[in-house]
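Residue-level structure breakdown
Here's the letter readout for the chains.
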Amino acid sequence: MEPRLNGKGLIISLIFFLLKFSTAIEIPPSVQQVPTIIKQSKVQVAFPFDEYFQIECEAKGNPEPTFTWTKDGNPFHFTDHRIITSNNSGTFRIPNEGHISHFQGKYRCFASNKLGIAMSEEIEFIVPSVPKFPKEKIDPLEVEEGDPIVLPCNPPKGLPPLHIYWMNIELEHIEQDERVYMSQKGDLYFANVEEKDSRNDYCCFAAFPRLRTIVQKMPMKLTVNSLKHANDSSSSTEIGSKANSIKQRKPKLLLPPTESGSESSITILKGETLLLECFAEGLPTPQVDWNKIGGDLPKGRETKENYGKTLKIENVSYQDKGNYRCTASNFLGTATHDFHVIVEEPPRWTKKPQSAVYSTGSNGILLCEAEGEPQPTIKWRVNGSPIDNHPFAGDVVFPREISFTNLQPNHTAVYQCEASNVHGTILASANVDVVDVRPLIQTKDGENYATVVGYSAFLHCEFFASPEAVVSWQKVEEAKPLEGRRYHVYDNGTLQINRTTEEDAGSYSCWVENAIGKTAVTANLDIRNATQLRVSPKNPRIPKLHMLELHCESKCDLHLKHSLKLSWSKDGEAFEINGTEDGRIIIDGANLTISNVTLEDQGIYCCSALTALDSAADITQVTVLDVPDPPENLHLSERQNRSVRLSWEAGDDHNSIISEYIVEFEGNKEDPGRWEELTRVQGKKTTVILPLAPFVRYQFRVIAVNEVGRSQPSQPSDHHETPPAAPDRNPQNIRVQASQPKEMIIKWEPLKSMEQNGPGLEYRVTWKPQGAPVEWEEETVTNHTLRVMTPAVYAPYDVKVQAINQLGSGPAPQSVTLYSGEDYPDTAPVIHGVDVINSTLVKVTWSTIPKDRVHGRLKGYQINWWKTKSLLDGRTHPKEVNVLRFSGQRNSGMVPSLDAFSEFHLTVLAYNSKGAGPESEPYIFQTPEGVPEQPTFLKVIKVDKDTATLSWGLPKKLNGNLTGYLLQYQIINDTYEIGELNDINITTPSKPSWHLSNLNATTKYKFYLRACTSRGCGKPITEESSTLGEGKYAGLYDDISTQGWFIGLMCAIALLTLVLLTVCFVKRNRGGKYSVKEKEDLHPDPEIQSVKDETFGEYSDSDEKPLKGSLRSLNRDMQPTESADSLVEYGEGDHALFNEDGSFIGAYAGSKEKGSVESNGSSTATFPLRA
């Protein structure tokens, strides 16, 4: 059996039990008791659109009560066959059939058994009639302009509320204003009519919303005769004066009517709304005002409506009684009326008699007190009859109480108390049950309860007993009553155990005993672990517009896991279950996420857990950081020529301490409106003395900085203008710009606007030859450049530049050394010789030129060279000059990347900053032969079972006289083993093919071909092919290859192969694997194997697999390659090639290891060439 849960949380439990303990004692249905009315109708209205009308009366009691009714104080019998009754119930229905008005009246229900009679309150059944205006002929009304008139409505009687409207025949409302007013009774008043009031369709409509009925009075005709037609022979002026003299009049009250006199009385019930109305006729239209005689109108509850004609006071209290006066006035006089307001109240209970259970011989008392205005009268009844008809010996009956002594079973009855005045009657019933019975425990035996550690546990033992009983609790295994402050037994038998521990778990027994006997039940208590929560992060500080993520970690007893519910709140207000509609705040169970955090998101966030037995909560303080608000109230003080004090007030730091303030200024005449930083101040300070420059009109602003960022700038301060002064500094970065020989263009950085200190800024420039005993030359300029002619080329000068303005000169300037303009070198170096290093590299030596012939600062030497002809075929080449520069003072250099077996011309020249000098005489030299490049192609053009024919193309560059070819081949199969390398020397250079024989059938071979000169063989080109197998197709290659069917078959195979390759490609792109490296490992170049430990450029492979078999070197009698020289290795100046005019051709990359070459053939391997 599942444990019974005793409430959700401690607070919920306490509220539940307070309510439980405050209720009256309920007698179990099994115990004999007097009847009690448990349900009855109030006022019942027979609306015409209802199907039936039900008048309810339900009661309980033991024995089962029977029901009777009275109507208007007389017995009411269900003789009408239309009435429908219910078994064991006093409720009956009246169908809405035929004439039912005779059912209207006040009904009362009586429920009785042998012990007593219960009586209901009066139930009024109203059968409303259909309201109608009487059929009548309404005579037309005719009045003169300015007269008063009243149009009566006289609405029919009907079920309230009643709403009255005045409209025309087109259902347009008659406009009401200060002159026209509708009274509460519905009559339409005119203080003075105007010609426009004439119409023949004044209609009064009466609406009864509860009956869904609107009725209309017959239209009324009103004719207003204008005074201008009163005497057609009179002039308009006479008519107007006549109207003024006759129609203008002082106010006269029409409401209240004249017959009520100058005062009247109104009775209003407490709590209702008081409406006083006052309307006066007169011309001009009177104005109405209200006051309370001897007091003030109640403020907040009084309003004046309908242009002041109605005084409305809501929720009337006794303080509102008294005399109220309305005053109607115009310039001709006033009229008043006094209302004497009487506040009364229907009866209301101050003490109601309470039902009770008594034992034989006990005493009791019933109290009944009520208030009202007038004071209610109290009447007692017993079982529905006046108490005077049922006297009991020893009973004392007063108007407000009944006392019982020595109660006996025959005292059992239902006592009714009625309080009534002119405004109504109220009824209260009290059951007096005299019972002697052994305790009856109503709580089930063996009930299971559960609570959590530290909470209170409530074990129920609800019982009924008379006489009174004593309740005791004990633990089953201890067999003694519970004692101690932690235990408390309530009057209804419930045991409360405070601050429970795990030791409190177990079985308990409840014993109830009175004079008649005793009874017991058991209860089982289980103790659960308390729910724990932890919100993280704790007290986060998060910048504005960032994302906040909170997590609520919960730990819950396994028995309570299913009932665990988490919720989030901020500052005590709960979030919606899933967050906000815009998605900025998202709640996903234990996680709370807020995007684009704002300052409004700051606060205390609480994660709450609620289970069937307990609750828990944990909070975290979220602090939202933002840039500070701008500083305020900037103030300037202590104004000096070169300083001023700036003070300000700090703005809100938005939870992040201000670390510093940035003070900016504006005042640059060259760039007005541009703000520049002047200084920075520590965040704790809000004042600073600012250093200022002369001749500036300053304005300041301040920016606050915290860990989030910078605030917006403050509002600018007042202006502060400093007086002019002489310059504080001189120009910097004095330099020379040489353009022509013997010319010196002196330049410097001009002073900025903030550095000029005053008007009329100029620069005084002085100069003289360095070390010469001559006077300084001087010139004053306004710009920042000066051109000076000098007698010598590239001569040193001492130069000074000083700033001056109208108020004086700057500080004494420092002298700098500048040189006059350079000229080109006027002599050429002499080439001593060209040493040929190899077929592509030479070393050039020359003599340097004298220093006085440089005419400037020597930057280095330049070598120009060009190819004149090829020694292979003797053809001449057009002149294409290559350039290589060497910086600094040197007399040799290496020239790389030359063509082998060619003739070259070479010159050397010196250059300075101005440019290059004359070239030396050309030096002629020749490069020797080199090794050829690889053949352009290698193909297997014919293959049989043991032969193959190869064809190739000449190398693009022979680099010498071709002596022949070296052909090598070896077996490669689909294993890690490779065959022995075979060599064939082809000594006929002109032969472009070779036929190999004695090959193995059905075998795959790899072929290597190199071209050779007298200097050795070049890089190889490779090709792979397989021989044919044994059988009828062997030796038929020539015949088959020319047959049409074979060509078609090959095309079909090629097409199928293309399809398969496409499928493989798609599969590979979808994640298939294909290892290129496995192929390379299977058929490696043999020379790669022989130089396994060498590294070539960027090539590196640490995962090489060992190959079985022997390899012979492919490099027999080969010389070191001579084509790998680099300009980077030899040129020490600008590592680039230049055309004859010195323009850039290209740059050489980093050098390769000497002795390595790159293969451009079909093989991807790199072959080393060794001596």
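Before going into details, it helps to say that this report is about the structure given with it. (Residues numbered from 1 in each chain as written. Predicted model: local features only at pLDDT ≥ 70, side-chain atom pairs only at ≥ 80, totals over all residues. Heavy atoms only, no water.)

For Leu786, the position within the fold is in strand β68 (residues 785–789). Take Leu786: its relative accessible area is 5%, and that puts it in the buried class. When the C-alpha positions of Leu786 and Val736 are compared, they lie 9.5 Å apart, and in sequence the two are 50 residues distant. In this structure Leu786 touches Met744, Ile745, Ile746, Trp748, Val765, Trp767, Glu779 and Val781, once residues within four positions along its chain are discounted. (Helix = DSSP H or I, 4+ residues; strand = E, 2+ residues; numbered from the N terminus. Buried < 20%, exposed > 50% of the residue type's maximum accessible area, 1.4 Å probe, protein only. Contact = heavy atoms within 4.5 Å.)

Now for the pattern of salt bridges. Scanning the entire structure with this criterion turns up 46 salt bridges. Arg199 is the partner of Asp201 in a salt bridge, and the nearest nitrogen-oxygen pair spans 2.8 Å. On the basis of relative accessibility, which here comes to 12%, the residue Asp201 falls in the buried class. Residue class for Arg199 comes out partly exposed when judged on its relative accessible area of 29%. Taking the shortest distance from any N to any O, the salt bridge between Asp571 and Lys570 comes out at 3.1 Å. (Salt bridge = Lys/Arg side-chain N within 4 Å of Asp/Glu carboxyl O.)

All right, on to the sheet that holds strand β76 (residues 892–895) then. Picture the strands of a sheet paired through backbone hydrogen bonds; they go either parallel or antiparallel. Read across the sheet, three strands follow the order β72-β73-β76 without closing on themselves; strand pairing throughout is antiparallel. For this open sheet the edge positions go to β72 (830–838) and β76, each flanked by a neighbour on one side alone. Strand-to-strand twist in this sheet, taken as the mean axis angle between neighbours without regard to direction, amounts to 20°. Note that β72 and strand β73 (residues 841–847) share seven bridges and pair antiparallel. Directly across from Val834, in β73, lies its bridge partner Val844. (Pairing = 2+ DSSP bridges. Axes fitted to C-alpha atoms, helices over the stretch in contact; angles between N-to-C directions.)

Strand order in the open sheet formed by three strands is β4-β9-β8, with antiparallel pairing between adjacent strands. Unpaired on one side and paired on the other, β4 (52–55) and β8 (84–85) mark the two borders of the sheet. Pairing of β8 with strand β9 (residues 92–95) involves two bridges; the strand directions are antiparallel. Bridging across to β9, Thr85 finds its partner in Phe92.

Scanning all chains against the criterion turns up seven disulfides. The side chain of Cys368 participates in a disulfide bridge whose partner is Cys417; the two sulfur atoms lie 1.7 Å from each other. Residues Cys368 and Cys417 are joined by a disulfide whose S-S torsion is about -80°; by sign, that bridge is left-handed. Here the residue Cys368 occupies a position in the loop between β31 (364–367) and β32 (369–373), and Cys417 occupies one in strand β37 (residues 413–421), the gap between them amounting to 49 residues. Both residues of the pair, Cys368 and Cys417, count as buried. Each sulfur in the disulfide pair Cys1012 and Cys1017 lies 1.8 Å from the other. (Disulfide = S-S within 2.5 Å.)

A few words now on the packing of aromatic side chains. One pass over the structure, following the stated rule, counts 27 aromatic pairs. With 5.9 Å between their ring centres and 55° between their planes, Phe53 and Phe125 make a pair best called tilted. Here Phe53 is found in strand β4, whereas its partner Phe125 is found in strand β12 (residues 123–126), with 72 residues between them in sequence. In this structure Phe125 comes out as buried when scored by relative accessible area, which is 1%. These aromatic residues form a ring-pair network of at least three members: Trp69, Phe76, Phe78, Phe92 and Tyr107. Positioned over the ring face of Phe49 is Arg212, at 3.6 Å from the centre of the ring. Its guanidinium or amino end placed over the ring of Phe937, Lys939 lies 5.6 Å from that ring's centre, counting from NZ or CZ. (Phe/Tyr/Trp six-rings, centres within 6.5 Å; stacked < 30°, edge-to-face > 60°. Lys NZ or Arg CZ within 6 Å of the ring centre and 35° of its normal.)

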